[in-house]
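# Inside the fold
Listed here are the chains, written in short residue letters.
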Amino acid sequence: MDLVATSEKSGDWQPVLRGIEPLLLAELKPGRPQQYDWKASCETWSVAFSPDGTWFAWSQGHCIVKLIPWPLEEAELSCKASERKNRGIKADVRGRGGSKEKTLECGQIVWGLAFSPWPPSGAKERDGLRAPGQSCLILATGLNDGQIKVWEVQTGHFLFNLSGHLDVVRDLSFTPNGSLILVSASRDKTLRIWDLSRDGASKQVQVLSGHRQWVYCCSISPDCSMLCSAAGEKSAFLWSMRSYTLIRKLEGHQSSVVSCDFSPDSALLVTASYDTCVIMWDPYTGEQLRTLRHVLLPPALDYGGDIHVSSLRSVCFSPEGLYLATVADDRLLRIWDLELRTPVAFAPMTNGLCCVYFPHGGFIATGTRDGHVQFWSAPKVLSSLKHLCRKALRTFLTTYQVLALPIPKKMKEFLTYRTF
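Quick caveat, the model's predicted, so the values are computed rather than measured. (Residues numbered from 1 in each chain as written. Predicted model: local features only at pLDDT ≥ 70, side-chain atom pairs only at ≥ 80, totals over all residues. Heavy atoms only, no water.)

Moving on, we get to the environment of Val153. Inspection of the secondary structure assignment puts Val153 in the loop between β10 (148-152) and β11 (158-162). Judged by relative accessible area, which is 1%, Val153 ranks as buried. In sequence terms Val153 and Leu137 are 16 residues apart; their C-alpha atoms lie 5.7 Å from each other. Residues within four places of Val153 in sequence aside, it is in contact with Trp55, Leu67, Lys102, Phe115, Leu137, Ile138 and Leu139. (Helix = DSSP H or I, 4+ residues; strand = E, 2+ residues; numbered from the N terminus. Buried < 20%, exposed > 50% of the residue type's maximum accessible area, 1.4 Å probe, protein only. Contact = heavy atoms within 4.5 Å.)

The strand order across the open sheet formed by 4 strands is β8-β9-β10-β11, and the pairing between neighbours is antiparallel. Both edges of this open sheet fall to β8 (110-115) and β11, since each of them pairs with a single strand only. Strand-to-strand, the axes of this sheet are offset by a mean angle of 20 degrees, without reference to chain direction. (Pairing = 2+ DSSP bridges. Axes fitted to C-alpha atoms, helices over the stretch in contact; angles between N-to-C directions.)

As a further point, take the packing of aromatic side chains. Under the definition given, this model contains 14 aromatic pairs. Ring geometry for Trp151 versus Phe158: centroids 5.4 Å apart, planes at 70 degrees, classification edge-to-face. Taken together, the aromatic side chains of Phe49, Phe56, Trp70, Phe358, Phe363 and Phe375 make up a single cluster linked through ring pairs. If you follow Arg187 out to its NZ or CZ, it ends over the ring of Trp111, 4.6 Å from the centre. (Phe/Tyr/Trp six-rings, centres within 6.5 Å; stacked < 30°, edge-to-face > 60°. Lys NZ or Arg CZ within 6 Å of the ring centre and 35° of its normal.)

See the structure below:
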(Lines give C-alpha, C1' and ligand atoms only; values in the text may rest on other atoms or scores of the structure.)
Protein backbone atom coordinates (compact mmCIF):
# COMPACT_ATOMS: atom_id res chain seq x y z
CA MET A 1 0.00 0.00 0.00
CA ASP A 2 1.17 3.54 -0.71
CA LEU A 3 0.58 6.44 1.64
CA VAL A 4 0.91 9.82 -0.06
CA ALA A 5 1.01 12.71 2.40
CA THR A 6 -0.01 16.00 0.84
CA SER A 7 -0.18 18.48 3.68
CA GLU A 8 1.29 19.36 7.05
CA LYS A 9 1.44 16.75 9.78
CA SER A 10 -1.90 15.43 10.98
CA GLY A 11 -1.55 16.99 14.43
CA ASP A 12 -1.91 20.45 12.89
CA TRP A 13 -5.52 20.25 11.75
CA GLN A 14 -6.52 23.67 10.43
CA PRO A 15 -10.15 24.71 9.91
CA VAL A 16 -11.16 25.24 6.30
CA LEU A 17 -12.08 28.85 5.70
CA ARG A 18 -15.16 29.59 3.66
CA GLY A 19 -14.41 29.40 -0.05
CA ILE A 20 -11.07 27.59 0.50
CA GLU A 21 -10.71 24.11 -0.95
CA PRO A 22 -10.24 21.26 1.53
CA LEU A 23 -6.64 20.04 1.62
CA LEU A 24 -5.85 16.49 0.58
CA LEU A 25 -4.03 15.28 3.69
CA ALA A 26 -3.24 11.70 2.71
CA GLU A 27 -4.24 8.98 0.25
CA LEU A 28 -4.20 5.21 0.65
CA LYS A 29 -3.89 3.08 -2.46
CA PRO A 30 -4.28 -0.69 -2.76
CA GLY A 31 -1.18 -2.76 -3.32
CA ARG A 32 -0.90 -5.32 -6.08
CA PRO A 33 -4.36 -6.84 -6.79
CA GLN A 34 -4.97 -10.25 -5.24
CA GLN A 35 -5.43 -13.24 -7.52
CA TYR A 36 -9.16 -13.56 -7.07
CA ASP A 37 -11.85 -14.08 -9.67
CA TRP A 38 -12.17 -11.12 -12.04
CA LYS A 39 -15.55 -10.24 -10.51
CA ALA A 40 -13.81 -9.14 -7.31
CA SER A 41 -13.85 -5.49 -8.30
CA CYS A 42 -11.60 -2.81 -6.85
CA GLU A 43 -14.18 -0.20 -5.78
CA THR A 44 -14.15 1.27 -2.28
CA TRP A 45 -17.87 1.25 -1.58
CA SER A 46 -17.52 1.80 2.14
CA VAL A 47 -15.13 3.36 4.65
CA ALA A 48 -15.65 3.74 8.40
CA PHE A 49 -14.05 5.09 11.55
CA SER A 50 -14.61 3.36 14.87
CA PRO A 51 -16.79 5.50 17.20
CA ASP A 52 -13.80 6.40 19.38
CA GLY A 53 -11.66 7.27 16.37
CA THR A 54 -8.92 4.70 17.05
CA TRP A 55 -9.48 2.47 13.99
CA PHE A 56 -10.23 3.00 10.32
CA ALA A 57 -11.79 0.32 8.07
CA TRP A 58 -11.28 0.41 4.33
CA SER A 59 -13.00 -1.82 1.79
CA GLN A 60 -10.25 -1.61 -0.81
CA GLY A 61 -11.66 -4.06 -3.33
CA HIS A 62 -10.52 -7.55 -4.34
CA CYS A 63 -12.45 -9.01 -1.37
CA ILE A 64 -10.08 -7.30 1.09
CA VAL A 65 -10.81 -5.08 4.10
CA LYS A 66 -7.95 -3.22 5.76
CA LEU A 67 -8.22 -2.45 9.48
CA ILE A 68 -5.86 0.43 10.20
CA PRO A 69 -5.04 1.83 13.66
CA TRP A 70 -5.59 5.56 13.85
CA PRO A 71 -3.89 8.00 13.51
CA LEU A 72 -1.71 6.97 10.59
CA GLU A 73 1.88 7.01 11.77
CA GLU A 74 3.23 8.38 8.50
CA ALA A 75 0.57 11.10 8.37
CA GLU A 76 2.00 12.49 11.58
CA LEU A 77 5.47 12.93 10.15
CA SER A 78 6.36 16.36 8.77
CA CYS A 79 7.62 16.18 5.21
CA LYS A 80 9.12 18.84 3.00
CA ALA A 81 6.79 20.11 0.32
CA SER A 82 9.18 19.06 -2.42
CA GLU A 83 9.32 15.52 -1.07
CA ARG A 84 5.55 15.33 -0.93
CA LYS A 85 5.28 16.49 -4.52
CA ASN A 86 7.96 14.30 -6.00
CA ARG A 87 7.45 10.94 -4.34
CA GLY A 88 4.97 8.81 -2.46
CA ILE A 89 5.92 7.42 0.93
CA LYS A 90 5.94 3.67 1.33
CA ALA A 91 4.21 3.14 4.64
CA ASP A 92 3.93 0.28 7.03
CA VAL A 93 0.82 1.78 8.59
CA ARG A 94 0.81 1.30 12.35
CA GLY A 95 -1.07 2.98 15.13
CA ARG A 96 -0.27 3.93 18.67
CA GLY A 97 -0.22 1.49 21.54
CA GLY A 98 1.29 -1.37 19.54
CA SER A 99 -1.78 -2.05 17.42
CA LYS A 100 -1.00 -3.20 13.92
CA GLU A 101 -2.80 -3.09 10.62
CA LYS A 102 -5.01 -6.13 9.91
CA THR A 103 -6.00 -7.61 6.56
CA LEU A 104 -9.40 -9.30 6.53
CA GLU A 105 -9.82 -11.84 3.71
CA CYS A 106 -13.57 -11.81 3.14
CA GLY A 107 -13.71 -14.10 0.09
CA GLN A 108 -16.44 -11.94 -1.52
CA ILE A 109 -16.72 -8.35 -2.75
CA VAL A 110 -17.28 -6.14 0.30
CA TRP A 111 -20.04 -3.53 0.04
CA GLY A 112 -20.81 -2.41 3.59
CA LEU A 113 -18.81 -1.82 6.78
CA ALA A 114 -19.88 -0.94 10.32
CA PHE A 115 -18.03 -0.75 13.63
CA SER A 116 -19.86 -1.56 16.83
CA PRO A 117 -19.77 0.93 19.67
CA TRP A 118 -17.76 -0.21 22.68
CA PRO A 119 -19.93 -2.59 24.76
CA PRO A 120 -21.15 -1.17 28.08
CA SER A 121 -18.67 -1.73 30.91
CA GLY A 122 -21.09 -4.01 32.74
CA ALA A 123 -21.97 -6.16 29.75
CA LYS A 124 -21.66 -9.93 30.09
CA GLU A 125 -19.35 -11.98 27.93
CA ARG A 126 -21.35 -13.74 25.20
CA ASP A 127 -20.48 -15.69 22.07
CA GLY A 128 -16.83 -14.76 22.39
CA LEU A 129 -17.56 -11.07 21.79
CA ARG A 130 -15.67 -10.08 24.93
CA ALA A 131 -12.34 -11.32 26.20
CA PRO A 132 -12.15 -11.70 29.99
CA GLY A 133 -11.76 -8.32 31.65
CA GLN A 134 -11.88 -6.17 28.54
CA SER A 135 -14.24 -4.79 25.92
CA CYS A 136 -14.29 -6.09 22.39
CA LEU A 137 -14.73 -3.82 19.39
CA ILE A 138 -16.16 -5.64 16.36
CA LEU A 139 -16.52 -4.92 12.65
CA ALA A 140 -19.37 -6.20 10.48
CA THR A 141 -18.76 -6.63 6.73
CA GLY A 142 -21.60 -6.93 4.18
CA LEU A 143 -20.74 -9.19 1.27
CA ASN A 144 -21.71 -9.81 -2.33
CA ASP A 145 -23.30 -13.21 -1.59
CA GLY A 146 -25.69 -11.89 1.07
CA GLN A 147 -23.56 -12.97 4.02
CA ILE A 148 -22.44 -10.71 6.87
CA LYS A 149 -19.09 -11.61 8.39
CA VAL A 150 -18.30 -10.35 11.88
CA TRP A 151 -14.71 -9.80 13.04
CA GLU A 152 -12.91 -8.91 16.26
CA VAL A 153 -10.99 -5.72 15.52
CA GLN A 154 -8.05 -5.94 17.92
CA THR A 155 -7.01 -9.42 16.77
CA GLY A 156 -8.51 -9.53 13.27
CA HIS A 157 -10.12 -12.89 14.11
CA PHE A 158 -13.28 -14.00 12.33
CA LEU A 159 -16.12 -14.47 14.85
CA PHE A 160 -19.21 -15.67 12.98
CA ASN A 161 -21.45 -15.39 9.92
CA LEU A 162 -24.93 -13.88 9.71
CA SER A 163 -27.02 -15.59 7.03
CA GLY A 164 -30.44 -14.62 5.74
CA HIS A 165 -30.13 -12.08 2.93
CA LEU A 166 -30.57 -13.40 -0.61
CA ASP A 167 -28.50 -10.76 -2.39
CA VAL A 168 -25.76 -8.17 -1.86
CA VAL A 169 -25.61 -6.65 1.65
CA ARG A 170 -25.21 -3.04 0.61
CA ASP A 171 -25.05 -1.23 3.98
CA LEU A 172 -24.79 -1.86 7.72
CA SER A 173 -25.48 0.21 10.83
CA PHE A 174 -25.11 -0.50 14.58
CA THR A 175 -27.20 1.14 17.27
CA PRO A 176 -24.94 3.66 19.04
CA ASN A 177 -26.00 2.64 22.57
CA GLY A 178 -23.78 -0.45 22.82
CA SER A 179 -26.63 -2.97 22.63
CA LEU A 180 -25.02 -4.78 19.65
CA ILE A 181 -28.17 -4.42 17.53
CA LEU A 182 -27.16 -4.40 13.84
CA VAL A 183 -29.28 -3.35 10.85
CA SER A 184 -28.43 -4.59 7.36
CA ALA A 185 -29.73 -3.31 4.01
CA SER A 186 -29.72 -5.52 0.95
CA ARG A 187 -30.39 -5.75 -2.73
CA ASP A 188 -33.00 -8.39 -1.86
CA LYS A 189 -35.20 -5.34 -1.02
CA THR A 190 -35.28 -6.04 2.72
CA LEU A 191 -33.66 -4.80 5.89
CA ARG A 192 -32.84 -7.23 8.67
CA ILE A 193 -32.38 -6.60 12.38
CA TRP A 194 -29.78 -8.69 14.20
CA ASP A 195 -28.95 -8.97 17.91
CA LEU A 196 -25.30 -9.99 18.12
CA SER A 197 -25.49 -10.44 21.89
CA ARG A 198 -27.88 -13.39 21.54
CA ASP A 199 -26.63 -16.83 22.50
CA GLY A 200 -26.59 -19.47 19.81
CA ALA A 201 -26.67 -19.27 16.04
CA SER A 202 -30.02 -17.51 15.58
CA LYS A 203 -29.38 -13.78 15.92
CA GLN A 204 -31.99 -12.46 13.50
CA VAL A 205 -34.68 -10.40 15.23
CA GLN A 206 -36.82 -9.00 12.42
CA VAL A 207 -37.14 -8.66 8.64
CA LEU A 208 -38.39 -5.28 7.37
CA SER A 209 -40.14 -5.46 3.99
CA GLY A 210 -41.84 -2.85 1.84
CA HIS A 211 -39.19 -1.50 -0.51
CA ARG A 212 -39.71 -2.35 -4.17
CA GLN A 213 -36.11 -1.72 -5.22
CA TRP A 214 -32.60 -2.48 -3.93
CA VAL A 215 -31.96 -0.97 -0.50
CA TYR A 216 -28.82 1.17 -0.75
CA CYS A 217 -28.46 2.70 2.69
CA CYS A 218 -29.61 2.44 6.30
CA SER A 219 -29.02 4.87 9.16
CA ILE A 220 -30.04 4.61 12.83
CA SER A 221 -30.76 7.79 14.76
CA PRO A 222 -28.28 8.52 17.59
CA ASP A 223 -31.09 8.21 20.15
CA CYS A 224 -31.78 4.70 18.74
CA SER A 225 -35.49 5.42 18.21
CA MET A 226 -35.63 5.58 14.39
CA LEU A 227 -34.21 3.90 11.31
CA CYS A 228 -34.10 5.44 7.84
CA SER A 229 -33.67 3.33 4.72
CA ALA A 230 -32.99 4.51 1.16
CA ALA A 231 -33.66 2.34 -1.88
CA GLY A 232 -33.80 2.88 -5.62
CA GLU A 233 -37.08 4.74 -5.15
CA LYS A 234 -38.17 8.37 -4.94
CA SER A 235 -39.05 8.04 -1.25
CA ALA A 236 -37.12 7.11 1.88
CA PHE A 237 -38.68 4.94 4.60
CA LEU A 238 -38.66 5.86 8.26
CA TRP A 239 -39.04 2.96 10.72
CA SER A 240 -39.48 2.66 14.47
CA MET A 241 -36.56 0.92 16.18
CA ARG A 242 -38.85 0.05 19.08
CA SER A 243 -41.68 -1.71 17.23
CA TYR A 244 -39.87 -2.34 13.90
CA THR A 245 -42.84 -0.90 12.01
CA LEU A 246 -42.99 1.73 9.26
CA ILE A 247 -43.61 5.23 10.62
CA ARG A 248 -43.90 7.06 7.30
CA LYS A 249 -42.57 7.42 3.79
CA LEU A 250 -40.62 10.60 3.09
CA GLU A 251 -41.66 11.74 -0.38
CA GLY A 252 -40.11 14.70 -2.19
CA HIS A 253 -37.24 13.49 -4.35
CA GLN A 254 -37.57 13.15 -8.12
CA SER A 255 -35.28 10.13 -8.53
CA SER A 256 -33.70 7.29 -6.56
CA VAL A 257 -32.71 8.06 -2.97
CA VAL A 258 -29.29 6.51 -2.36
CA SER A 259 -27.95 7.87 0.95
CA CYS A 260 -29.23 9.12 4.31
CA ASP A 261 -27.92 10.28 7.67
CA PHE A 262 -29.24 11.61 10.99
CA SER A 263 -27.87 14.66 12.77
CA PRO A 264 -25.98 14.00 16.03
CA ASP A 265 -29.02 15.06 18.12
CA SER A 266 -31.49 12.99 16.02
CA ALA A 267 -33.51 16.16 15.26
CA LEU A 268 -32.68 16.24 11.54
CA LEU A 269 -32.48 13.70 8.74
CA VAL A 270 -30.86 14.24 5.34
CA THR A 271 -31.45 12.19 2.20
CA ALA A 272 -29.43 12.35 -1.04
CA SER A 273 -30.71 11.36 -4.46
CA TYR A 274 -29.76 10.89 -8.07
CA ASP A 275 -31.94 13.98 -8.69
CA THR A 276 -28.87 16.02 -7.52
CA CYS A 277 -30.63 17.24 -4.34
CA VAL A 278 -30.18 16.77 -0.63
CA ILE A 279 -33.41 17.19 1.34
CA MET A 280 -33.35 17.96 5.06
CA TRP A 281 -36.31 16.58 7.01
CA ASP A 282 -37.77 16.80 10.46
CA PRO A 283 -38.04 13.03 11.06
CA TYR A 284 -40.69 13.46 13.76
CA THR A 285 -43.17 15.37 11.60
CA GLY A 286 -42.02 14.36 8.10
CA GLU A 287 -41.74 18.04 7.14
CA GLN A 288 -39.22 19.13 4.49
CA LEU A 289 -37.13 21.86 6.10
CA ARG A 290 -34.90 22.77 3.15
CA THR A 291 -33.42 21.49 -0.10
CA LEU A 292 -29.75 21.76 -1.08
CA ARG A 293 -29.33 21.71 -4.86
CA HIS A 294 -26.09 20.71 -6.50
CA VAL A 295 -27.18 21.99 -9.90
CA LEU A 296 -30.34 23.50 -11.33
CA LEU A 297 -31.86 21.00 -13.75
CA PRO A 298 -34.11 21.92 -16.69
CA PRO A 299 -37.77 21.26 -15.82
CA ALA A 300 -38.22 18.98 -18.81
CA LEU A 301 -35.32 16.70 -17.80
CA ASP A 302 -36.39 13.07 -17.57
CA TYR A 303 -35.43 11.94 -14.09
CA GLY A 304 -36.23 8.37 -14.90
CA GLY A 305 -33.45 8.13 -17.49
CA ASP A 306 -29.71 7.72 -17.12
CA ILE A 307 -27.74 8.74 -14.07
CA HIS A 308 -26.93 12.44 -14.32
CA VAL A 309 -23.61 14.19 -14.15
CA SER A 310 -24.24 15.52 -10.65
CA SER A 311 -26.02 12.50 -9.19
CA LEU A 312 -25.43 12.20 -5.47
CA ARG A 313 -23.58 9.20 -4.07
CA SER A 314 -23.21 9.92 -0.37
CA VAL A 315 -24.13 12.42 2.34
CA CYS A 316 -23.04 12.65 5.99
CA PHE A 317 -23.33 15.03 8.95
CA SER A 318 -20.33 16.50 10.72
CA PRO A 319 -19.93 15.46 14.39
CA GLU A 320 -21.21 18.78 15.77
CA GLY A 321 -24.13 18.84 13.32
CA LEU A 322 -23.46 22.18 11.60
CA TYR A 323 -21.99 20.89 8.32
CA LEU A 324 -22.73 18.30 5.66
CA ALA A 325 -20.38 16.56 3.26
CA THR A 326 -21.59 15.25 -0.11
CA VAL A 327 -19.96 13.25 -2.89
CA ALA A 328 -21.41 13.48 -6.39
CA ASP A 329 -20.70 12.20 -9.89
CA ASP A 330 -19.53 15.67 -10.96
CA ARG A 331 -16.19 14.77 -9.32
CA LEU A 332 -16.54 17.16 -6.41
CA LEU A 333 -16.54 16.75 -2.67
CA ARG A 334 -18.70 19.52 -1.22
CA ILE A 335 -18.86 20.78 2.35
CA TRP A 336 -22.09 22.61 3.20
CA ASP A 337 -22.74 25.09 5.99
CA LEU A 338 -26.31 24.42 7.08
CA GLU A 339 -26.84 27.97 8.31
CA LEU A 340 -25.86 29.36 4.89
CA ARG A 341 -27.60 26.57 2.92
CA THR A 342 -24.71 26.65 0.43
CA PRO A 343 -21.40 24.86 -0.11
CA VAL A 344 -18.56 26.62 1.67
CA ALA A 345 -15.78 24.44 0.26
CA PHE A 346 -15.12 22.21 -2.74
CA ALA A 347 -12.46 19.63 -3.53
CA PRO A 348 -11.90 17.86 -6.86
CA MET A 349 -11.99 14.08 -6.57
CA THR A 350 -12.36 11.43 -9.24
CA ASN A 351 -15.01 8.72 -9.11
CA GLY A 352 -16.08 9.30 -5.50
CA LEU A 353 -18.46 6.75 -3.98
CA CYS A 354 -18.69 7.40 -0.24
CA CYS A 355 -17.74 9.86 2.48
CA VAL A 356 -17.58 9.84 6.27
CA TYR A 357 -16.48 12.35 8.91
CA PHE A 358 -13.89 11.55 11.55
CA PRO A 359 -15.84 11.18 14.85
CA HIS A 360 -14.04 14.12 16.47
CA GLY A 361 -14.22 16.37 13.39
CA GLY A 362 -11.44 18.02 11.43
CA PHE A 363 -11.37 15.82 8.36
CA ILE A 364 -13.33 13.59 5.99
CA ALA A 365 -12.51 10.22 4.45
CA THR A 366 -13.75 9.44 0.92
CA GLY A 367 -13.68 6.21 -1.09
CA THR A 368 -13.35 5.93 -4.88
CA ARG A 369 -14.05 3.51 -7.71
CA ASP A 370 -10.30 2.98 -8.01
CA GLY A 371 -10.13 1.43 -4.55
CA HIS A 372 -8.43 4.49 -3.04
CA VAL A 373 -9.16 6.32 0.22
CA GLN A 374 -8.52 10.04 0.48
CA PHE A 375 -8.41 12.10 3.69
CA TRP A 376 -9.44 15.77 3.45
CA SER A 377 -9.30 18.65 5.87
CA ALA A 378 -12.72 19.93 6.93
CA PRO A 379 -14.08 22.76 9.08
CA LYS A 380 -13.45 22.03 12.74
CA VAL A 381 -15.59 24.57 14.53
CA LEU A 382 -16.29 25.57 18.09
CA SER A 383 -20.05 25.34 18.43
CA SER A 384 -21.91 28.31 19.86
CA LEU A 385 -23.44 27.99 23.32
CA LYS A 386 -26.88 28.31 21.69
CA HIS A 387 -26.23 25.36 19.40
CA LEU A 388 -24.81 23.26 22.25
CA CYS A 389 -27.93 23.93 24.31
CA ARG A 390 -30.18 23.05 21.37
CA LYS A 391 -28.22 19.89 20.70
CA ALA A 392 -28.42 18.85 24.36
CA LEU A 393 -32.17 19.44 24.52
CA ARG A 394 -32.96 17.73 21.21
CA THR A 395 -31.18 14.54 22.23
CA PHE A 396 -34.15 13.74 24.48
CA LEU A 397 -37.00 16.00 23.27
CA THR A 398 -39.00 15.25 20.11
CA THR A 399 -40.29 18.05 17.88
CA TYR A 400 -43.77 17.61 19.34
CA GLN A 401 -42.42 17.91 22.89
CA VAL A 402 -40.56 21.10 21.96
CA LEU A 403 -43.69 22.61 20.39
CA ALA A 404 -45.62 21.86 23.58
CA LEU A 405 -43.18 23.78 25.80
CA PRO A 406 -44.42 27.10 27.30
CA ILE A 407 -41.68 29.13 25.61
CA PRO A 408 -41.66 31.89 22.95
CA LYS A 409 -42.34 30.96 19.34
CA LYS A 410 -38.90 32.10 18.16
CA MET A 411 -37.25 29.83 20.69
CA LYS A 412 -39.36 26.91 19.46
CA GLU A 413 -38.33 27.69 15.88
CA PHE A 414 -34.68 27.71 16.89
CA LEU A 415 -34.95 24.41 18.76
CA THR A 416 -36.67 22.77 15.78
CA TYR A 417 -34.10 24.06 13.23
CA ARG A 418 -36.57 26.32 11.47
CA THR A 419 -34.59 29.57 11.77
CA PHE A 420 -31.66 28.94 9.45
